[in-house]
Amino acid sequence: MTLDFPVIFLLPTNLGADELHELEEQIPTLTYDINEAEVILGNVHRKQRVLFELRKHKLVTEEISTTETDEPTSPSLKRRRFQTPGSVITEDSDTASDGDFHPLLTQSTQSTLKAAPTTVKVVKLAWFTESLKAGTVLPIEDYTLYRGRKQQSKPAKLQQASPAKAANIIKRALADPKPSSHGSRPGSSHSTTSHGRRDHFITKAPALLHMTTSEHEVELPPIPAYLHTTYACQRPAPTHPPNEPFIEELTKIRTARTLLGDKIGVRAYSSAIAALISYPYLLQSAFEVARLPGCGLKIAQLYQEFREQGELQEAKEDESDPRLAVLKLFHEIWGVAETTAREFYNKGWRDLDDIIEYGWDTLTRVQQIGVKYYDEFQQKIPRAEVESIANIILEHANKIHPGFQMVIVGGYRRGKLASGDVDVVLSHPDKAATRGFVEQIVVALEQSNYITHTLILSTANTERGQEPVAWKGNEKKSGTGFDTLDKALVVWQDPHWTTGEKKNPNPHRRVDIIISPWKTAGCAVLGWTSGTTFQRDLRRYCKKERSLKFDSSGIRSRADGTWVDFESGPNGEPAPDMLTAERRVFEGLGLEWRPPEERCTG
DNA sequence: CAGTAG
DNA sequence: AGGCCTTACTG
DNA sequence: GCCT
């Protein structure tokens with residue numbers, strides 16, 4: 001039987017991932033929108049913590065004293081607030097500045113507004129668990145930590161307003177509860193499969209909604225479950241998200257931050273971009289943006305500007321900034337990052353010819369290679385050529401030692417039509433085959449004239465015997481630090497051509513050859529397939545949620561440093577292949593497996 | 001040591 | 001207020 | 001810039 005619970009929002013704080021997941025399954029009236037909640041359930045015990053959580057979720061309430069009754073605020077009171085003279089927020093009028101205003105949306109909004117509770121209780125977790133045990137909904141008072149009255153309900157939409165004014169509105173509004181309504185895009189039916197119950201949401205006030213809705217049942221917009229995590233590795237990230245144009249503008253700003261050396265800004269924009277990539281609907285309002293993980297006031301304001309202007313002033317200025325253009329050029333040289341790009345600029349250099357003429361001898365070896373093949377490295381590599389290069393590598397590998405398996409990783413595996421470089425992971429069930437192999441394969445490919453230069457050759461894993469040795473944060477120098485894989489970052493050129501030219505017309509390509517011992521091949525494939533933000537969040541997730549240390553050469557416990565094997569089978573038998581191993585790593589980490597095409601976090 | 005790479 | 005992924009290789 |  002189902003108990004008659006109020007609408008519940010669950011605070012993830014102080015809950016393990018498993019615990020959280022289990023509770024989510026158990027709560028029949030779970031909402032992922034805190035504004036819809038009548039009860040906020042949390043593994044918290046002090047009022048101070050409650051207040052912190054409410055702030056965190058951008059839910060502003062005023063406390064109801066314990067003697068006061070908690071009758072809902074009358075709707076007319078709310079309405080009056082919005083219709084204060086001079087305010088540009090209205091609850092029920094919309095000038096449809098976005099052109100595709102849909103009356104049904106407003107009706108939904110109004111229904112939701114009327115149904116949205118005006119008071120909320122924050123309750124200890126025990127109330128729910130003990131109610132389940134008792135088979136009845138226990139009196140809530142004994143477990144209530146806090147009762148609050150929501151200070152304001154939600155404006156439906158913004159009227160057209162000057163950007164400055166609109167920004168102010170957003171600023172104020174963001175301090176208030178988020179809207180429980182936003183534009184849904186029935187057309188963009190993502191076939192994503194995240195938490196299985198991803199589209200669970202509470203459709204409030206069905207009576208009202210149904211009265212005013214015609215035969216088309218327009219669902220209230222689902223708030224995908226995966227948008228309630230800050231970890232990009234828990235969300236599907238498609239190649240071409242609905243909000244790509246806005247995301248492109250944000251990416252311009254991020255690029256500028258990169259060039260200026262603003263690492264934290266880069267991280268912030270990357271997080272916001274990753275969340276927006278995962279958002280499966282066309283955005284309708286700034287509030288919708290602010291509710292996304294990694295997106296706050298600033299990103300919401302930028303969205304507002306984008307919606308009104310079709311572009312972002314900051315992005316535009318960055319693009320027309322001559323200094324940034326030069327820094328960008330230099331930064332695109334392989335072996336040059338932001339510090340050196342600025343250094344070059346400060347020497348007065350403005351293009352590659354300046355570097356060659358005035359600074360050639362000051363460049364490192366790899367930077368010289370980067371300059372020499374600048375144009376060719378800028379060329380994208382078509383999928384067919386990626387496959388061709390990879391197959392040549394695999395053939396050479398098997399000539400040295402039959403039985404190698406290979407996965408083409410990187411952007412190719414994520415489905416990109418053209419890649420910046422070629423990344424392959426090679427492994428072999430026989431440990432003896434992978435030990436010292438990276439040097440052998442490089443030599444073989446040099447002798448076949450495919451590899452023209454070796455930029456970096458890393459043999460650290462081989463040197464430590466390919467063993468995932470126990471790790472302790474402090475005792476690293478000992479040479480037994482368990483970490484990176486053997487790899488070769490090389491320059492590649494197909495030595496065969498038929499056009500009769502004297503000079504080889506084939507472009508030079510960047511190729512990364514990664515060698516993994518079999519028992520960590522799943523980690524290697526996982527680590528080298530995903531976008532940067534996915535990777536970063538995967539490590540952060542392992543650290544914060546699992547007390548594990550992930551890297552592409554293995555997983556260890558942070559408690560005692562011991563190696564954690566998710567890849568072997570139940571009886572310790574090795575994984576049958578590298579892709580199975582990768583799936584087992586997802587599973588072992590408590591993450592849902594995702595096809596590589598959904599790991600495009602940017 | 002600072003800088004760079006994926 | 002402090003954290004934000006990670007560490008080996010290069011010069 | 002956002003989260004805890």
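The name given to chain A in an unreviewed UniProt entry is DNA polymerase, and the organism recorded there is Neurospora tetrasperma. As stated in UniProt under Sequence similarities (unreviewed entry), the record for chain A gives "Belongs to the DNA polymerase type-X family."

Asks: When you look at the packing of helix α9 (residues 263–278) against helix α24 (residues 532–546) in this model, what are you seeing that I'm missing?
Replies: Between two packed helices, what matters for the description is the angle formed by their axes and the separation of those axes. With their axes 10 Å apart at the nearest point, α9 and α24 run at an angle of 100° to one another. By the angle between their directions, the pair α9 and α24 is classed as roughly perpendicular. In this structure, α9 uses Arg267, Ser270, Ser271 and Ala274 to contact α24, whose residues at the interface are Thr533, Arg536 and Arg540. Its residues assigned to classes, the contact of α9 with α24 shows 1 nonpolar, 3 polar and 3 charged.

Asks: Is there a simple way to explain the protein's contact with DNA strand C in this structure?
Replies: Taken together, 16 residues are adjacent to DNA strand C, and Arg267, Arg536, Arg539, Lys549 and Arg558 come closest. The sugar and phosphate moieties of DNA strand C supply 79% of its atoms located within 4 Å of the protein. With respect to DNA strand C, the side chain of Lys549 contributes an N or O atom lying 2.3 Å from a phosphate oxygen. Contacts to DNA strand C include Arg558, whose side-chain N or O atom sits 2.9 Å from a phosphate oxygen. Mapped by element, the contributors of at least two residues to the surface near DNA strand C are α9 and α24. The element contributing the most residues to the surface near DNA strand C is α24, with 5 residues. In terms of residue class, the surface near DNA strand C is built from 2 nonpolar, 4 polar and 10 charged.

Asks: Just checking my understanding: could you explain the protein's contact with DNA strand B for this structure?
Replies: In the vicinity of DNA strand B, the contacting residues are Trp334, Gly335, Val336, Ala337, Glu338, Thr339, Thr340, Asp423, Arg510, Asp512 and Trp528. Counted by atom, the contact set of DNA strand B within 4 Å of the protein is 100% sugar and phosphate. Here a phosphate oxygen of DNA strand B and a backbone polar atom of Gly335 are 3.0 Å apart. Here a phosphate oxygen of DNA strand B and a backbone polar atom of Ala337 are 3.0 Å apart. Counting residues per element, the ones that place at least two in the surface near DNA strand B are α14 (338–346) and β15 (509–517). At 3 residues, the largest contribution of residues to the surface near DNA strand B is made by α14. Across the surface near DNA strand B, the residue classes tally to 4 nonpolar, 3 polar and 4 charged.

Asks: For this particular structure, what's the right way to read the sheet that holds strand β3 (residues 39–42)?
Replies: Sheet strands line up and pair through hydrogen bonds in the backbone, either parallel or antiparallel. Ordered by their spatial adjacency, 6 strands build an open sheet running β2-β1-β3-β6-β7-β4, and the pairing between neighbours is mixed. The open sheet has two edge strands with one neighbour each: β2 (30–31) and β4 (61–63). Bridge count between strand β6 (residues 119–124) and strand β7 (residues 144–150): 5 bridges; the pairing is antiparallel. Bridging from a neighbouring strand, Val120 pairs with Gly148 of β7. Across the sheet, helix α5 (residues 125–134) is in contact with β1 (8–10), β3 and β6; its angle to β6 comes to roughly 75°.

Asks: Can you help me understand the side chain of Gln535 in this one?
Replies: Inspection of the secondary structure puts Gln535 in helix α24. Since its relative accessible area comes to 18%, Gln535 is described here as buried. With near-sequence residues (within four places) excluded, Gln535 lies in contact with Gly527, Trp528 and Ser530.

Asks: Can you walk me through unusual backbone geometry in this structure?
Replies: Only a minority of non-glycine residues have a phi that is not negative, and only a minority of peptide bonds are not trans. With a phi close to 70°, Asn449 is a non-glycine residue in the positive phi region. Along the polypeptide, Asn449 turns up in the loop between α21 (437–447) and β13 (451–458).

Asks: Looking at this structure, how should I read the sheet that holds strand β14 (residues 486–492)?
Replies: Strand order across the open sheet formed by 5 strands is β10-β12-β15-β14-β13, with mixed pairing between neighbours. Looking at the sheet topology across the chains shown, the edges are occupied by β10 (405–408) and β13. Sheet twist, expressed as the average angle between the axes of neighbouring strands with direction ignored, equals 20°. For β10 and strand β12 (residues 422–428), the ladder comprises 4 bridges, and the chain directions are antiparallel. Residue pairing for β12: Met406 is matched across the bridge by Leu426.

Basis of the calculations
Every chain is numbered on its own, with residues counted from 1 as its sequence reads. To read the labels, note that chains go from A and ligands from 1, taken in the order they are written. Reporting in this predicted model follows two pLDDT cut-offs: at least 70 for local features of residues, and 80 or more for side-chain atom pairs to be given and counted; totals over whole chains, interfaces and linings ignore these cut-offs and use all residues. Here the side-chain values reflect all heavy atoms present in the structure, with hydrogen atoms and water set aside. UniProt positions are given in the numbering used here, feature names are shortened, and annotations may be inferred rather than shown by experiment. Here, axes are lines fitted to C-alpha atoms. For helices the fit covers the stretch in contact, and angles between N-to-C directions go from 0 to 180 degrees. Secondary structure elements are taken from DSSP: a helix is a run of H or I of four residues or more, a strand is a run of E of two residues or more, and numbering for both begins at the N terminus. To sort the angles, those under 35 degrees are grouped as roughly parallel, those over 145 as roughly antiparallel, those from 65 to 115 as roughly perpendicular, and the leftovers as oblique. The contact criterion used is simple: two residues touch if any of their non-hydrogen atoms lie within 4.5 Å. All residues other than Ala, Val, Leu, Ile, Met, Phe, Trp, Tyr, Cys, Pro, Asp, Glu, Lys and Arg, Gly among them, are scored as polar; the first ten of these are nonpolar and the last four charged. Near, as used in this document, describes a residue that has one of its heavy atoms within 4 Å of the molecule or strand being considered. Throughout this description, a polar contact denotes any pair of N or O atoms lying within 3.5 Å of each other; where both atoms belong to protein, one of them has to be capable of donating a hydrogen while the other can accept it, and for residues adjacent in sequence the pair is counted only when both atoms sit in side chains. Two strands qualify as a pair provided that DSSP identifies no fewer than 2 bridges between them. In this scheme, a residue with accessible area under 20% of its type's maximum is buried, one over 50% is exposed, and one in between is partly exposed, where area comes from a 1.4 Å probe on protein chains only.

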